[in-house]
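# Inside the fold
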Amino acid sequence: DDPVFLGNLAWVLHRAGDTAGSNRVLDRVVELNPRTEQVRKNLAGVLEVVGRTKDALKMFEGVTLTADERFRLAGLSSDAQRYHPAAHPCRHVPT
């Protein structure tokens, strides 16, 4: 039940074309709800690539974000048609 290992496994399965296998592993990772910020950010990336936008957004909850990550979060929120939340991360980007 190591979220880093499972995230990597899900990525490999996705790249190999095993969508069902990748999604089963990602279901487990999301269920584990890891607490480490970097792990959550990495998993958000995998979830984003495989099209699980809402799960990717959940991984970003409660983590400290860089300016680039804020823009990424805004894009994810927009993709999920969550337009009001999409604007929020952009308000906090340093200029």
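Description of the structure in this document. All values derive from a computational prediction rather than experimental measurement. (Residues numbered from 1 in each chain as written. Predicted model: local features only at pLDDT ≥ 70, side-chain atom pairs only at ≥ 80, totals over all residues. Heavy atoms only, no water.)

## A word on the overall build of the chain
When helices and strands are counted, the chain shows 6 helices and 0 strands. Going from N to C terminus, the chain has its helices and strands arranged as α-α-α-α-α-α. Sorting the 95 residues of the chain into buried and exposed places 39% on the buried side. Put simply, 40% of the contacts in the chain that link residues at least 6 apart link residues at least 24 apart. When the accessible surface of the chain is split by element, carbon and sulfur atoms take 52% of a total near 5,800 Å². (Helix = DSSP H or I, 4+ residues; strand = E, 2+ residues; numbered from the N terminus. Buried < 20%, exposed > 50% of the residue type's maximum accessible area, 1.4 Å probe, protein only. Contact = heavy atoms within 4.5 Å. Areas by Shrake-Rupley, 256 points an atom, 1.4 Å probe, with all protein chains shown as cover.)

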